[in-house]
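# Descriptive structure summary
One letter stands for each residue in the lines below.
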Amino acid sequence: MKLSFRWYGKSDPISLEYISQIPGMRSVVSAVYDVKPGEVWPRESLKSMRDACEDAGLVFDIVESIPVHEDIKLGLPSRDKYIDAYCENIRRVSEIGVKCVCYNFMPVFDWTRTQLDKKAADGSTSLVMYMEQLKGIDPLRDGLDLPGWDASYEKEELKQLLLSYAEVGEEGLWENLRYFLERVIPVARECDVLMAIHPDDPPYPIFGLPRIITTEENLDRFLALVDDRYNGLTFCTGSLGCADFNDIPGMIDKYSKAGRIHFMHIRNIRNLPDGSFEESGHLSACGSLDMAKIVKTLVNNGFDGYVRPDHGRMIWGETGKPGYGLYDRALGAAYINGLWEMAQSNR
Ligand code: CS2
Ligand code: MN
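### Comments concerning the overall build of the chain
Secondary structure assignment for the chain yields twelve helices and twelve strands. Over its C-alpha atoms, taken along the principal directions, the chain stretches across nearly 50 × 45 × 40 Å. In the chain, buried positions account for 46% of the 347 residues.

Right, dumping it as structure tokens:
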């Protein structure tokens, strides 16, 4: 595996030096953050990120995310120009050595939670989704803008978007995804960049918006849209695992055997009886996922793609971007390293 860590660029309070001090750390996962979705990334920005990573002894060879413009997801006539820009970005990131691009195809909202700083008994805080709180949220009335999202919207714009997606529906979204992949995957293959879609988080429709990268059945359908190794998955254990209909180790076994997982987001999650969930400590005992089994499955199938600890809690008084502090994600990396070493020695 190639152990990696998400870094939000030069404005990230976590330095590359600190990241490089985590044992086994190899790759930096990042993106150009000061360009709007749908626009072309400046070569200069990419080069300066690559150089900064190299100076810290790290490699910038994986991107998360190149955002997909809403017009592509909506299938509007303007999508072609945004797809062209997307392909150009794939070419540009490949020029500086990027080998894998993570992206998602979630309408309007990226990952969604109802609270970002839920305090646990031990004083740590984490991201949670409580169904009771969710019922009370109306994005049109309350506005919604979570850290880590690529875009935010004015109320009127949001209203239009929600209406447009109601027309597109699930089948329309599949069709628009197919159209996108048929144009993007050949470019990715040419550039030797593995495309890795991130599952919808949570993996079910939300606020009436369709969501399709959600279940084993739908992942099968996705991979068949363009049946090519370059059309692959970011397998996010927490995103897919917060719904009990997904058998996480079983899915990992199937898709890693097929060579279609290029990027693993490994994190635990504690599922509650009513469908709510809390982002928990990494240990299997802290949540609902069997972390040892997840890693064992990857190791047994010879997985050599990218792995990152996904979100972490806020611990030891750290403040910063919820889910993206240094301390708990570093603990996550150490835990993954430990499970990996043990699984390998048992092979
Ligand atoms: C999620 C997403 O994995 C994560 O950290 O919180 O923000 C994810 O990065 C995007 O959906 C990938 O496009
Ligand atoms: Mn993830």
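Here the narrative resumes.
### Here's the deal with the sheet that holds strand β4 (residues 100-104)
Pairing is parallel in the closed barrel, where eight strands are placed in the order β1-β2-β3-β4-β7-β8-β9-β12. Across the sheet, the axes of successive neighbouring strands diverge by a mean angle of 30 degrees, strand direction being ignored. Sheet analysis places strand β3 (residues 59-64) next to β4, joined by three bridges and oriented parallel. Considered in β4, the bridge of V63 is made with V101.

### As for the site of ligand 1
Near ligand 1 lie 14 residues; those nearest to it are S65, N104, D110, W111 and H198. For the shell around ligand 1, the element with the highest residue contribution is β4, accounting for three residues.

### Looking at the nonpolar core
Membership of the largest hydrophobic core comes to 90 residues, with the highest contact counts inside it found for V28, C100, V101, V184, V193, M195 and A196. Per-element tally for this core: the top contributor is helix α7 (residues 155-191), with nine residues.

### Details of the environment of E279
Relative to the elements of secondary structure, E279 occurs in strand β11 (residues 277-279). Measuring from C-alpha to C-alpha, the distance between E279 and T125 comes to 9.1 Å, with 154 residues separating the pair along the chain. Sequence-distant contacts of E279, that is, excluding residues within four places in its chain, are made with S126, L127, V128, G238, R267, I269, H311 and R313.

### Considering the pairing of strand β6 (residues 125-129)
Taken across its five residues, β6 has four buried, putting it largely inside the fold. Sheet analysis places strand β5 (residues 115-119) next to β6, joined by three bridges and oriented antiparallel. Counted as the bridge partner of Q115 is V128 from β6. Count of turn residues in the β5/β6 antiparallel hairpin: five residues, of which G123 carries a positive phi of about 90 degrees. For β6 and β11, the ladder comprises two bridges, and the chain directions are antiparallel. Looking at the pairing, M129 lines up with F277 of β11.

### What to know about helix α10 (residues 248-257)
In an α-helix, one full turn covers 3.6 residues, which means residues spaced three or four apart are oriented alike. Turning to α10, its buried residues number three or more, namely I248, M251, I252, Y255 and S256. Across the axial projection of α10, the buried residues extend over an arc of 115 degrees, all falling on one side. Those residues of α10 hidden inside the fold are in contact with α8 (216-225), β8 (231-236), α9 (237-241), β9 (261-266) and α11 (291-300).

### Notes on helix α12 (residues 327-345)
Compared with the 27 Å implied by 1.5 Å per residue over 19 residues, the 27 Å span of α12 between its first and last C-alpha is a close match. For α12, the full list of buried residues reads D328, R329, A330, G332, A333, I336, L339 and W340. On its buried face, α12 sits against β1 (2-6), β9, α11 and β12 (306-309).

### Considering the pairing of β9
Burial runs high along β9: six of the six residues are buried. Bridge count for β9 against β12 is four bridges, and the pairing is parallel. Paired with M264 across the strands is V307, a residue of β12.

### What about the sheet that holds strand β10 (residues 269-271)?
Taken in spatial order, the four strands make up an open sheet running β5-β6-β11-β10, and their pairing is antiparallel. Lying at the two open borders of the sheet, with one neighbouring strand each, are β5 and β10. Neighbour to neighbour, the strand axes of the sheet diverge by 35 degrees on average, direction disregarded. By the bridge criterion, three bridges tie β10 to β11 in an arrangement that is antiparallel. Across the sheet, the residue bridging to R270 is E278, located in β11.

### Notes on unusual backbone geometry
For the peptide bond that leads from E64 to S65, omega is -5 degrees, which places it in the cis range. Topologically, S65 is positioned in the loop between β3 and α3 (70-74). Non-glycine residue V108 carries a positive phi angle of around 60 degrees. When you line up the elements, V108 lands in the loop between β4 and β5. Given 22 C-beta atoms within a 10 Å radius, V108 is considered buried. Despite not being glycine, W316 has its phi angle at roughly 55 degrees, a positive value. Within the secondary structure layout, W316 lies in the loop between β12 and α12. W316 gets classed as exposed once you count the C-beta atoms within 10 Å, which come to 12.

Parameters at a glance
Chains are numbered independently. Their residues run from 1 in the order of the written sequence. Lettering for chains starts from A, numbering for ligands starts from 1, and both go in the order in which the items are written. Two thresholds apply to this predicted model, a pLDDT of at least 70 for residue-level local features and 80 or more for giving and counting side-chain atom pairs, whereas whole-chain, interface and lining totals are computed over all residues. Only DSSP runs of H or I covering at least 4 residues are called helices, and only runs of E covering at least 2 are called strands; the numbering of each starts at the N terminus. Three classes are used. A residue is buried when 20 or more other C-beta atoms lie within 10 Å of its own, exposed when 12 or fewer do, and partly exposed in between, with C-beta atoms placed from the backbone. Think of it this way: DSSP has to see at least two bridges between two strands before they count as a pair. Lines fitted to the C-alpha atoms define the axes, with helices restricted to the stretch that makes contact. Angles between their N-to-C directions range from 0 to 180 degrees. Working rule for contacts: place C-beta from the backbone, and if it is within 6 Å of a molecule or strand, that residue counts as near it. For this analysis, nonpolar core means a set of buried Ala, Val, Leu, Ile, Met, Phe, Trp, Tyr and Cys residues linked through C-beta atoms within 7 Å. What counts as a contact is two residues whose backbone-derived C-beta atoms lie within 7 Å of each other. Note that the arc is defined by the directions from the helix axis to the C-beta atoms. Between the first and last residue of a helix there are one fewer steps than residues, each counted as 1.5 Å, and that sum is the expected span.

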